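The chain contents come next:
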Amino acid sequence: MTLSKNFEHQINENKWYSHWLDKQYFKSTPDERTPYTIVMPPPNVTGVLHMGHCLNNTIQDILIRQARMKGFNACWVPGTDHASIATEAKVVAMLRERGIAKSSLSRDEFLSYAWEWKEKYGGIILQQLKKLGCSLDWDRTTFTMDKDYYDSVINIFMDLYKKGVIYRGKRMINWDVKALTALSDEEVIRKETRQKLYHLNYSIEGTNDNITIATVRPETIMGDAAICVHPDDERYKHLHGKFAIVPLINRRIPIIADDYVAMDFGTGALKVTPAHDVNDYALGQKHQLEIVDIFNDNGTLSEDAQIYIGLDRFEVRKKIAIELEEKGYLIKTEEYTSEVGYSERTDVVVEPRLSMQWWLSMKDISSPALKAVMEEEIKFYPPKFKNVYRHWMENIKDWCVSRQLWWGHRIPAWYHESGKFVVAKNEKDAIAVFETEHHISNAVLKQDEDCLDTWFSSWLWPFEVFKGYSNPNNADINYYYPTNTLVTAPEIIFFWVARMIMAGYEYMDVKPFQEVYFTGIVRDKQGRKMSKSLGNSPDLLELIDQYGADAARFGIMIASPAGNDILFDEAALEQGRNFNNKIWNALKLIKMWEARQTLEATNENDFAINWFENRLSEVSIEVEQMMKQFKLSEALKTIYTLIWDDFCSWYLEWVKPGFEQPIQSNVYTKTIEFFTDLMQLLHPFMPFISEEIYHQLEERSDDLCVRLLAEKESPNQTQLDQGILLKQVISGIRDVRNKQQMKPKDSIKLFIQTENKRVFESLISILSKQVNANEISFANDVVPNSFTSVIGKDKFYILTEQPIDLSTQKSALEKELNHLKSFLISVEKKLSNEKFTQNAKQEILDLEYKKKADAEMKINIIELSLKDMAG
RNA sequence: GGGAGUUUAGCUCAGUUGGUUUAGAGCAUCUGCCUUACAAGCAGAGGGUCACAGGUUCGACUCCUGUAACUCCCA
C-alpha cells in the first residue's frame, strides 16, 4: 500500500471519530476503577464554536484523554446552558424578522417558538466539538432546562426561600432598557466613555442668586430631589437649608449638605437624582428625599418627567442641552471621560433603577466557599486567582436572581390581588399554602411572570448533571462527585465558579471539584479581545478544515500557559500542520524499510537505540511532571522537540541504512516501538494523526485512544550525556564544514584526539554517516594541514581535499580564546574572594574549581592549535 | 480612588529554595543546500546592560524599596 503524500486530515478525522464512538470509548459507567471526571462548562445552547471554546475544550480533552490512557475511568460530561437573556434576545430578533412582536404573543406562544428555535439550533455547538476531537460521553448530554434539572432549580429556590436566604425587595438594580430586564452587577461591563460635563445654573428660591451644578446627565434634572454640597464648602455655606428651582419644570428642591460630595469635582455642587443613580439613591435614603422616577422601562421619558415624554433618554440629552442653553441655564460644557456601565448582552447603557426583585443573601452561603479556596481544599491554577476570589467573596453583595424574561426557570411565587404572596411548586400547592398562611380560602393566585438568572441554574451543574439533587445518592453521583478538574475562563470566576462552590457545599456538603484550571483569554495578534463587533474572530471550523483539527489543537495549545492570555496567530496552526507533515514523513521513511529487512546482526546501531530509549524515558517522566502542574503548553513543546529533533533529526538519521541497503530487523522493530510510544505521548494533544499512525505502523486489534500508558523507568544519565556529546561533536564538525563552504557531497577524513577512545569507538559509524567522513581514526597529536574543532576535552581534526585557508578558523579560535580567558578571570576572581570561599556551599565551590580547570584546559588546547597554525 | 498582576532576543514565552560553564526554547531573520522521508524540508549561524533606579548579599533575572509602562478586577 502506498501512503499519501501528506496526512489527509479530513478523511482521518471523520474515520477515527466515528470509530471511537462505535467502540464507545468515551462512554463511562461506574466501575471498580478510580474515576476522573470533568464537567464541561456548558456553552449557550444557541452558541457557535469560537476560539475561546476551542482553547477550553482542547484543554479538557487533553486532560481527559490522558486520564483515560492512565487507566482512570474518564468521564467528560457535555451539555448546554439555556442562556436565558442571550437566547431570548435571539428568539425575539428571529420573530421580529418574521414580523411578529413579542408583545403580541402570550407567554406560552412565545415559549413554543423558543423551544422550536432551541430544537433547531441548540446543540450545533456540541456537533462542532466533535470536529475538534473532543472525547465527551455524549449519552450524558444535559440541558439546564431538562425536566429534572428544571425541577431541581425550582426546588432549590423554594428551599432557599424557606431557609430565609431568598427574599423579595425593592432596591437599586441595573436595568437593561433593550432586553427589558434586571441585570446582576456581574452582567454590567464598565467601559471608559467620552462624555460631556454640563454646568447648569439652578436659581435659588426667593433670591436672584444661582447655584451651578455639574452633571453628565442633564436629561435627569426632572428627577432631581435635591442639590447637595459639602458641609465645609465655604462657597455654599450661605445656601444650606435654602431651596433651588429645577430649570424648565420649576420644581422646588432643597439644598442639603453631606460630606459625600467631593468639593474639587465639577463645581462642588451635586444634583441628587435618587431614582436614577446608585449613590444618589443612598443619599436620598439618608436625607429622606423624594424619589421621582422619570423613565419608562424602555429608556424613554415617562409622564413624571413632565417634558419630552416618550422620547429616548439620549435624544433628550441632546435636546434638553440645546433648550437649556437657549434659555440661559447652560453655563458651559467640558469634555469628560468616565466609566459607564453597559449590558453584557445587549451593549446598551445600563440604567440604574429602583425595582422590586428577588434576591439571594450571599453572606452565609459564601463563607464555606471562601474557606475552601483559601485553605486549598479546592486548588486554583494559577494560584494568583485566589486573591481575586477572596477579594470578591469578602465584599460580596446580595445576588439579584430575578430576570424579566420568559425563557428560563419561572419563579415559583404566587401573588394574590391583596399583594400577599407565597412560594410554592405549583398552583395547587400555592393555594393550599396561601390558605393556611393567610386564612383566605378560594384565593385566585397569579404566578410571577419573571424567570431566574441563568447562573441560578448553572451553579448546580457539577452535581445536577449526575442528578445529585433530583435523585440523591444515586450510583453516578456517589461515584463521580466531587469532580476532578474544572477548566474555565477567569471572566466567570464570580458568575459561575464561586457560586458552584457555594451550591456544592450547600447541597452536597462536599466541594464540586478538586481543582480549577483558569485558561487565558484568546486575543488577536494585536492583543485585542476577540469579538464579533471587531470582526477579529476567525472562523474556527474553516481553520479546522484548512489545517486539520490536530493542527488547530496544536496551534492553540503551543503558547497558552495556564492563566496567561493567548495571542492567537494563524502561524501557530501552520506550525501544527507542518508538524503533522513531519510525523507523516517519518512514517513514510519507516514504511520504506519494512520490506527491506535483514537478520544479519551488527552492533553499530546499539548506541542509537540505547540512547533513544533513555531519551524517551527521560521525556516521558518530564511530561508527566508538567501535566501534573498543568504546564500543558510546555509538555506539548517537549513532545514536539522529542519527535522532531531527537527522533527525526537524530535517531532516524543515525539508524537510517544507506541507499537501498537493508535495515536490521531488530532495529526496525525497535523503531516501530519508539514511534508507537511517541504517538502515545502525543495522543492527548493530537488524537487523530497519532491514532492513524498507530494503526499504520502495525496491524493492530486495539486502539491508541484506550491503550494504557506504561510506567517509564528512570533513564541512564551516562547514556544521555553521551548522546548530548555526540550531538555536539556532529554539530561542531558540521559547523566547520559549513564555514569552509564544503559541499555536502565532499567527504572528509576525521581524526579524533581524546582520552575517551572507548566512547568514541561506539560512535564511529554514526559519526561517519552524519559528517560524511570516509575515514575516522584516532590521533595522539596535532594533524597537520587540517581544520580543528574543539568540543569539550576532545579535539577533532578535519582533513579535506580542498586547499586549506585557515584564516576563518583562526579568527574563530581566537574569539573562543578571548571568551574563555575572560570567563576564567571571572571564575578566578570569585575563587580569590575569601568571603566567597567561606560562605558558599561545598558543591558550589567544587563547581567553580571544575569550571576553572575546564577553562584552563580548553585555553591550553586552543593555544596549542593556534601555535600550530602559526607554525 | 482601592486591589492584583505583568515587564527576559524582532514576536510568544521558560527560567524551580539566590551560585549549574558569564541567560534557554519555539517562531521570525541570515547563510549554505532541490543530500532518495519531508523545500510544509535539511545543515549551520547571528541576536539579550533580564523595564529603570537604589538596596541586601561573597554572589541578584531570582529577595527588598522606589519609579515608569501596560493588563485585569473592584468602587
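Residues numbered from 1 in each chain as written. Chains lettered and ligands numbered in written order. Predicted model: local features only at pLDDT ≥ 70, side-chain atom pairs only at ≥ 80, totals over all residues. Heavy atoms only, no water.

### Things to note about the overall build of chain A
In terms of regular secondary structure, chain A is built from 28 helices and 31 strands. For chain A, the C-alpha radius of gyration of 37 Å lies well beyond 29 Å, the compact-globule estimate for 871 residues. Each principal axis of the C-alpha atoms in chain A carries an extent, and together these give about 115 × 65 × 55 Å. Looking at the 871 residues of chain A, the share that counts as buried comes to 53%. Residue pairs in contact within chain A that sit at least 24 positions apart in sequence constitute 77% of those at least 6 positions apart. In the form shown here, chain A has an accessible surface area of approximately 40,700 Å², with 48% of it arising from carbon and sulfur atoms. If the 105 positive side-chain charges of chain A are averaged to one point and the 126 negative ones to another, these points end up 2 Å apart. (Helix = DSSP H or I, 4+ residues; strand = E, 2+ residues; numbered from the N terminus. Rg over C-alpha atoms; globule rule 2.2 N^0.38 Å. Buried < 20%, exposed > 50% of the residue type's maximum accessible area, 1.4 Å probe, protein only. Contact = heavy atoms within 4.5 Å. Areas by Shrake-Rupley, 256 points an atom, 1.4 Å probe, with all protein chains shown as cover. Lys, Arg positive; Asp, Glu negative; His and termini not counted. Charge placed at Lys NZ, Arg CZ, Asp CG, Glu CD.)

### Notes on the protein's contact with RNA strand B
With respect to spatial proximity, 49 residues lie near RNA strand B, and among them Asn581, Asn585, Ser822, Asn833 and Asp854 are the closest. Counted by atom, the contact set of RNA strand B within 4 Å of the protein is 58% sugar and phosphate. Measuring from a base nitrogen of RNA strand B, one finds a side-chain N or O atom of asparagine 6 at 3.3 Å. With respect to RNA strand B, the side chain of serine 822 contributes an N or O atom lying 2.4 Å from a base oxygen. Elements supplying a minimum of two residues to the surface near RNA strand B: α18 (570-594), α20 (632-655), α23 (717-739), α26 (807-832), α27 (834-839) and α28 (842-870). For the surface near RNA strand B, the element with the highest residue contribution is α18, accounting for nine residues. Classifying every residue of the surface near RNA strand B gives 17 nonpolar, 14 polar and 18 charged. (Near = heavy atom within 4 Å. Polar contact = N/O pair within 3.5 Å; in protein donor to acceptor, adjacent residues only side chain to side chain. Nonpolar A, V, L, I, M, F, W, Y, C, P; charged D, E, K, R; others polar.)

### Topic: helix α25 (residues 764-771)
Taken residue by residue, α25 has Ile766, Leu767, Gln770 and Val771 as its buried positions. Projected down its long axis, α25 carries its buried residues within an arc of 100°, all on one side. Next to the buried residues of α25 lie α19 (606-628), α20, α23, β28 (748-753), α24 (757-761) and β29 (773-778). Within two residues after α25, asparagine 772 carries a phi angle of roughly 50°, on the positive side. (Arc of directions from axis to C-beta.)

### Quick word on the nonpolar core
Nonpolar side chains in soluble globular proteins tend to be buried together. Among the nonpolar cores identified, the biggest contains 121 residues, and Phe647, Tyr651, Phe675, Leu682 and Leu767 are the most heavily contacted of them. Broken down by element, the residue count for this core peaks at 14 residues, all from α20. Core analysis: the second largest hydrophobic core is formed by 63 residues, Tyr389, Trp392, Ile493 and Tyr507 among them. (Core = buried A, V, L, I, M, F, W, Y, C linked by side-chain atoms within 4.5 Å.)

### Quick word on the confidence of the model for chain A
Predicted coordinates in regions of low pLDDT should not be interpreted in detail. For chain A, per-residue confidence averages 90 on the pLDDT scale, and residues scoring 70 or more make up 99% of the total. Here the prediction assigns the complex a pTM of 0.90, and the interface score ipTM is 0.95. (pLDDT = per-residue confidence, 0-100.)

### Focus on helix α2 (residues 51-69)
In a regular helix each residue adds 1.5 Å, so 19 residues correspond to 27 Å; α2 covers 27 Å between its end C-alpha atoms and thus fits that length. Taken across its 19 residues, α2 has 18 buried, putting it largely inside the fold. (Expected span 1.5 Å × (residues − 1).)

### What to know about the pairing of strand β14 (residues 351-360)
Of all ten residues that make up β14, nine are buried, and the element is covered over most of its length. In this sheet, β14 lies alongside strand β5 (residues 166-176) in antiparallel orientation, the contact comprising ten bridges. Among the inter-strand pairings, lysine 170 is bridged to a residue of β14, identified as methionine 356. Taken together, the two bridges between β14 and strand β16 (residues 399-400) define a ladder with antiparallel strand orientation. (Pairing = 2+ DSSP bridges.)

### A few points about the sheet that holds strand β15 (residues 379-381)
One open sheet holds the three strands; their spatial order is β15-β23-β22, and the pairing between them is parallel. Of all strands in the sheet, those with a lone pairing partner are β15 and β22 (483-488), marking the two edges. Strand-to-strand twist across the sheet, computed as the mean angle between neighbouring axes with direction ignored, equals 20°. With three bridges joining them, β15 and strand β23 (residues 513-518) adopt parallel strand pairing. In the strand pairing of β23, phenylalanine 380 is matched with valine 516. (Axes fitted to C-alpha atoms, helices over the stretch in contact; angles between N-to-C directions.)

### Digging into unusual backbone geometry
Backbone torsion omega between tyrosine 381 and proline 382 reads -5°, so that peptide bond is classified as cis. With respect to the helices and strands, proline 382 occurs in the loop between β15 and α10 (385-394). A cis geometry characterises the amide bond from tyrosine 481 onward to proline 482, with omega recorded as -5°. Residue placement: proline 482 occurs in the loop between α14 (475-480) and β22. Here the phi dihedral of glutamate 376 falls at roughly 60°; this positive angle occurs in a residue that is not glycine. Within the fold, glutamate 376 resides in the loop between α9 (363-374) and β15. Residues other than glycine seldom take positive phi values, yet lysine 467 does so here, at roughly 55°. Tracing the sequence through the fold places lysine 467 in the loop between α13 (461-464) and α14. Taking relative accessible area as the criterion, lysine 467 reaches 37% and is therefore assigned partly exposed.

### Regarding the pattern of salt bridges
Applying the stated criterion across every chain yields a total of 48 salt bridges. A salt bridge links arginine 217 to glutamate 219; its shortest N-O distance comes to 3.1 Å. In this structure, lysine 656 and glutamate 653 form a salt bridge, with 3.5 Å as the shortest nitrogen-oxygen distance. Assessed through its relative accessible area of 32%, lysine 656 is described here as partly exposed. On the basis of relative accessible area, glutamate 653 is assigned to the partly exposed category, the value being 30%. Several salt bridges converge on common partners, so that one network encompasses Arg217, Glu219, Arg313, Arg317 and Glu351. (Salt bridge = Lys/Arg side-chain N within 4 Å of Asp/Glu carboxyl O.)

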